[in-house]
Structure formats: C-alpha cells, structure tokens
Amino acid sequence: MPSTFEIAEKAVRITCNMGANEAEAYVERSKVLEVFLERNDFKTVRVKWHAGIGIRAIYNKKVGFSYASSLTSSSVEEVCREAFKNAKLSPELKDWVSLPSPMPLPKVEGTFCNEIANISESQLVDLAKRGYEAIFEADKRARCDDGKISAVVEETVIANSNGILVGEEGTAISGYIVCVASEAGKTSSFATSSGNARMLSQFKPEDIGREAALLAVRSLNPRKIESFKGKVLLEWMPVTSIMLPVIGFSVNADMVQRKSSLWAGKIGERVCSSNISIVDDGTLPGGMATSRFDDEGVARRVTPIISNGVLKSYLYDSYTAFKESRESTGNAGRASYASMPSISFSNVIFNEGVKSIDELISEVDRGLLVGRFSGNVEPASGIFSGTVKQSVYIENGEVKFAVEETMISGNIFQLLSGNVVLGKPRRMLGGAHVPPILLEDVNIISKT
C-alpha cells in the first residue's frame, strides 16, 4: 500500500489530468479502540479502522466534491472522476479565486502521545474501571447506565495542485459516563459527564465518573416551580450548547458576507459585555483542535475574536478570505474526509472569571443553576428555548432543590449585552474552553 502522502499526490495529479483547473485531496487514516460500559457491566472492547479520501475538483470556477471510504487505486481513481464530473455540473462561483498555496506552518505541542497510540485493551479497560468505581465513591445512590472510553490515533494528509503537501499524526482519548441515581424508590433523570485529552496523563476518568454521579444525585426529588424571569448560572455544557452556535455563526465570514450575521460590519464595535473576551487558537498546546494546519492545509494561528466586549475579527477559510483579498485565519474544518471544508472554530477560548460557582450562587437572589440544556438554538437570531436537566433552584444565594419540567428561553445577543459574570474554573469540552457564566433576565418557565 502506498503512503498516505503518495495517495494524496496521485489523486491530485489524476484529477488535474482529467481536465480540472485545480484539485485538492484530503486523506485520513485512523484507528479507534473503544470500551463500553452499560448498566454496571463492561461490554466488548472494539477496534475500528477507518480510511478515506475526499476530493475537491475545480473547473472554470465550479467546485465539485466526492469521497470514498477506501484508498485502493481503483477507489481513488473513481472518486477523482466523480469529483471532476460534479464540478462540471455545479454552478459557477463568481468569487472563486483559487485553492490556497503553501506557507510556513507553526510548531505545535501536545498533539501526539505514544502512550495513547500504543494503548492496550487492558489499559483502556482499566481506565473505564477507574471511572466506574469513582461513581460509587462519589455517592452510593448513583449507578452507571451507559458509558464509553475511546482512544484514537489519526493521520491526516492534504495535497493540492498549488503545491500544498502537508500531513501530521495526532492522538486523542475521550470518554463519557451516563448515571442515574435512586432514593426511596424514586429515580433521577439521566446525567452525563465527559472528558477528553490529547495526552494520556491529562485524561482523568475518575473526574468523569464522579461528576456524572453528583449530577444525577443533584437531580433527585425535583419540584415544580412557578414561572419567572431571573438569573441563570450556566455550567460548562450548557455554555457550549447555547452560546457557541450563536457566536460561531456570527463570526463566520461566510455568514457575514451573506449579510446573515447580526455582527456583519461591526468590527471595532462593542457587541457584548465588556467582561467577555474570546480567542480562537489553533496552536494551543494540547488543545483538542490543535494542529499545524487547518483542513485546507493553511497554517493555524491565534485570532482574537472579542476583546473586552469589542468585536476584533471574523473567522475565514480560503474562499471567504480571497473574496476580501485577505489571508485566511486558518479556520477551515471538516467533520471527516466525507465532507467539504467549511468555517469552524479551532480551540475557542473564553476568558476565565475570578469567582467560583459557589461564589456566583451566593449572588443569585432567585434563579437556576443549569447543568444541562436540551432544546433549540437559532444561531442567526440568537433565540433559544429548551428544557433544563440536572438543574436546581436558587433563592437568597442558596441552592434549595432540583427542578422538574422547567424550561429556559431568551435571546443570546440581548443576554450577552447585559450584566454577564464569568466564573471559574475554565474547562475544556472538545475544542471549547469555557467557564461557568451567570446571566440575568432569563425566562424561566414551568411546564405546568
């Protein structure tokens, strides 16, 4: 089998020889080792191997794409043919300039771990057991309902007809545990905790099990409350699920250029509370989204997005950057080889506050502490509405009881422009590095 680099270069040559003006090949190879937990029992350890290629072909400013889940010579040639065929059938992109060209790439640290790359099944099972045992050490009322620990080693190579040929290997380990708690014949809602790292030494399965157990116990014996407008303290998971889709959409240069973003034309203006600063850093040591290059082969970099509430930059890929005759910020991302690149965060980092969750709770006269949010978020308008889980009612600075059948709603743009307090510590959830955040004037709705 030829190397991943040779496959990528060959695919570019084939596509151009077919008549494409430009071509790009994105090749992935990965190995995933998984162990499953389910209802207090360890399930089968599974090994999965993945390999695939995605081809972009450009013909007279028309872009075609195709992919294959095989790297055999016949599969590569067929996917090149399909990409070129699709390009000829696609509409013309009048603003198309070109694929990116080679550039110096940064050095990054903490993205490859030999211990993860060579981890054994027994070592992975031991990690799962450590998370499992932490559940009962935290609270004997909790039990494991579901869970998984995964170790991944992946190679990515990108080549294009402008001379880009880049590749790197990376590792990651991640896990989640779902718990429920029981007391006096009553059962809590499902509570989930997760964790991830690029280096094995930084992965703490005990923290995952402990948090899942405590969240489940926290939601025991819930009560209904009256609807009111008050303060909501979002823990880390709801910060990512409610805020990041809106902020990501608003600073996406494609959405800005389409005039779909409410932050279009607002560089240098205040768009949220002066307490908020956000940076996108694709070079962060040990970050889950850290790499030397983005998914077009463009150098990763540090991009200040918001500084003390003032909008500093949008995020660009090559296409949107070339439309404005500027450089890409290195924010082209893909879900896998089976998708076209599009603008996305790398490691998005919020500033950390100075107050702990307990200190923030003490400042809430009436409101909620929210552990999980499940609902709808409209990225363009900022409107959100959904049910909260693992959430508790706060009154006069004290946690009173868990709530049931309760929703929250509001508009993220309005809430972020109000009185916002960021807490500590900041935590890494995937590529997001977020603190707990206290918001005011949120609609708290009882589903009675």
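Each chain has its residues counted from 1, running along the sequence as written. In keeping with the model being predicted, local features are shown solely for residues with a pLDDT of at least 70 and side-chain atom pairs are shown and tallied solely at 80 or more, while totals for entire chains, interfaces and linings include all residues. Only hydrogens and water are removed before side-chain values are computed, so all heavy atoms of the structure are retained for them.

**Details of the nonpolar core**
Applied cut-off: In this description, a nonpolar core means a group of buried Ala, Val, Leu, Ile, Met, Phe, Trp, Tyr and Cys residues linked to one another through side-chain atoms lying within 4.5 Å. Exposure is judged per residue with a 1.4 Å probe applied to protein chains only, and the accessible area is read against the type maximum: over 50% gives exposed, under 20% gives buried, and values in between give partly exposed. Only DSSP runs of H or I with at least four residues qualify as helices, and only runs of E with at least two residues qualify as strands; both kinds are numbered from the N terminus onward. Any two residues whose heavy atoms approach within 4.5 Å are treated as being in contact.
In terms of nonpolar packing, the biggest core is built from 61 residues, with Leu234, Met243, Leu368, Ile408 and Leu439 touching the most fellow members. With seven residues, the single largest contributor to this core is helix 6 (residues 236-250). Not counting residues within four places of it along the chain, the set of residues in contact with Ile408 comprises Val232, Leu234, Ile242, Leu368, Phe373, Phe384, Ser385, Gly386, Val388, Val442, Asn443 and Ile444. With 30 residues, the next largest nonpolar core counts Cys144, Ala181, Leu200 and Phe203 among its residues.

**Structural notes on the layout of surface pockets**
Which entries qualify depends on this criterion: A pocket, in this scheme, is an open set of points on a 1 Å grid over the protein atoms alone with protein on both sides within 12 Å along at least 5 of 7 lines, while a cavity is a set where a 1.4 Å probe fits but cannot get out; residues line either one if an atom lies within 4 Å of a point. Grid points are joined across faces, edges and corners, and a volume is the space filled by probe spheres set on the points. Ten residue types, Ala, Val, Leu, Ile, Met, Phe, Trp, Tyr, Cys and Pro, are classed as nonpolar, four, Asp, Glu, Lys and Arg, as charged, and the remainder, Gly among them, as polar.
Its volume calculated, the largest pocket comes out at about 840 Å³. What lines the largest pocket is a set of 31 residues, among which Tyr26, Glu28, Glu154, Thr156 and Met288 lie closest to the centre. Among the secondary structure elements, those contributing two or more residues to the lining of the largest pocket are strand 1 (22-38), strand 4 (142-160) and strand 5 (165-183). Broken down by element, the residue count for the lining of the largest pocket peaks at five residues, all from strand 5. In terms of residue class, the lining of the largest pocket is made up of nine nonpolar, 13 polar and nine charged. Estimated volume of the second largest pocket: approximately 450 Å³. Lining the second largest pocket are 22 residues, with Leu93, Asp254, Arg258, Tyr319 and Met340 sitting closest to its centre. Contributing elements (two or more residues each) for the lining of the second largest pocket: helix 7 (253-257), helix 8 (318-323) and strand 13 (342-343). No other element matches helix 8, which puts three residues into the lining of the second largest pocket. Partitioning the lining of the second largest pocket into residue classes produces eight nonpolar, five polar and nine charged.

**Regarding the packing of aromatic side chains**
Let me state the cut-off plainly: Put simply, two rings from Phe, Tyr or Trp (the six-membered ring, in Trp's case) pair if the centres are within 6.5 Å, and we call them stacked under 30 degrees between planes, edge-to-face over 60, tilted for the rest. To sit over a ring, a charge needs its Lys NZ or Arg CZ within 6 Å of the ring centre and within 35 degrees of the ring normal.
Enumeration over the complete set of coordinates arrives at nine aromatic pairs. Members of the aromatic cluster, joined through ring pairs, are Phe65, Tyr67 and Tyr337. Positioned above the aromatic ring of Phe228, the side-chain terminus of Arg366 is 3.9 Å from the ring centre. Positioned over the ring face of Trp236 is Arg427, at 4.5 Å from the centre of the ring.

**Let's talk about the packing of helix 1 (residues 4-17) against helix 2 (residues 73-89)**
Inclusion rule: Convention adopted: a line fitted to C-alpha atoms gives each axis, helices being fitted over their contacting stretch, and angles between N-to-C directions are expressed from 0 to 180 degrees. Comment on the angle field: the value is read as roughly parallel under 35 degrees, roughly antiparallel over 145, roughly perpendicular from 65 to 115, and oblique elsewhere. In this scheme the crossing of two helices becomes right-handed for a clockwise turn of the near helix relative to the far one and left-handed for an anticlockwise turn of less than a right angle.
Two elements in contact, helix 1 and helix 2, have axes separated by 9 Å at closest approach and are oriented at 40°. In terms of orientation, helix 1 lies oblique with respect to helix 2. In terms of crossing hand, the pair formed by helix 1 and helix 2 is right-handed. Residues Ile7, Lys10, Ala11, Ile14 and Thr15 of helix 1 form the contact with helix 2, whose own contacting residues are Ser73, Val76, Glu77 and Cys80. Split into classes, the residues belonging to the contact of helix 1 with helix 2 amount to five nonpolar, two polar and two charged.

**Overview of unusual backbone geometry**
Of the consecutive residues Lys424 and Pro425, the connecting peptide bond is found in the cis state with omega at 0°. Relative to the assigned elements, Pro425 resides in the loop between strand 21 (421-422) and strand 22 (427-429). We note that Asn221 has phi near 55°; this positive angle belongs to a residue other than glycine. Assessed through its relative accessible area of 38%, Asn221 is described here as partly exposed. For Asn396, which is not a glycine, the phi torsion comes out positive at approximately 50°. One can find Asn396 in the loop between strand 18 (392-395) and strand 19 (398-402).

**A closer look at the pairing of strand 3 (residues 62-68)**
Condition: A pair of strands is treated as paired once DSSP finds two or more bridges between them.
Of all seven residues in strand 3, six are buried, a share of seventy percent or more. For strand 2 (residues 41-59) and strand 3, the ladder comprises seven bridges, and the chain directions are antiparallel. Counterpart to Gly54 in the pairing with strand 3 is Tyr67. Here strand 2 hands over to strand 3 after two residues, with Asn60 in that stretch at a positive phi of 50°.

**A short note on helix 6**
Our working definition: Expected span of a helix, by definition, is 1.5 Å for each gap between consecutive residues, and there is one gap fewer than residues. The angle between axes fitted to the seven-residue stretch ending at a residue and the seven-residue stretch beginning at it gives the bend at that residue.
Here helix 6 spans 21 Å end to end across 15 residues, near enough to the 21 Å set by a 1.5 Å rise per residue. Approximately 40° is the largest bend angle found in helix 6, and it occurs at Met243, with the proline Pro245 only one to four residues beyond. Within helix 6, 11 of the 15 residues are buried, which leaves the element mostly enclosed by the surrounding structure. Within helix 6 the residues assigned to the buried category are Trp236, Pro238, Val239, Thr240, Ile242, Met243, Leu244, Val246, Ile247, Phe249 and Ser250.

**Some remarks on the side chain of Ser219**
Inspection of the secondary structure puts Ser219 in the loop between helix 5 (205-218) and strand 8 (228-234). A relative accessible area of 6% means that Ser219 is categorised as buried. Contacts of Ser219, omitting those with residues within four sequence positions, involve Ser188, Ser189, Gln390 and Ala402.

**Regarding helix 4 (residues 121-138)**
As a reminder, the rule being used: The arc in question is traced by the directions running from the helix axis to the C-beta atoms.
Between the first and last C-alpha of helix 4 there are 26 Å, a value that for 18 residues agrees with the 26 Å anticipated at 1.5 Å per step. Where helix 4 is concerned, the buried positions are Leu124, Leu127, Ala128, Gly131, Tyr132, Ala134 and Ile135. Down the axis of helix 4, the buried side of the element spans an arc of 150°, and every buried residue falls inside it. In helix 4, the exposed positions angled more than 90 degrees off the buried face are occupied by Ser122 and Glu137.

**Here's the deal with the environment of Leu200**
Tracing the backbone shows Leu200 in the loop between strand 7 (191-197) and helix 5. Aside from chain neighbours lying at most four places away, what touches Leu200 is Cys113, Glu115, Ile116, Ile119, Leu127 and Ile173.

**Some thoughts on empty space enclosed by the protein**
In the structure shown here, the tally under the stated rule is two cavities of 30 Å³ or more. Put simply, the largest cavity is a space of about 70 Å³. Of all elements in the fold, only helix 5, helix 6 and strand 22 reach the threshold of two or more residues within the lining of the largest cavity. Split into classes, the residues belonging to the lining of the largest cavity amount to four nonpolar, two polar and three charged. For the second largest cavity, the calculated volume is near 50 Å³.

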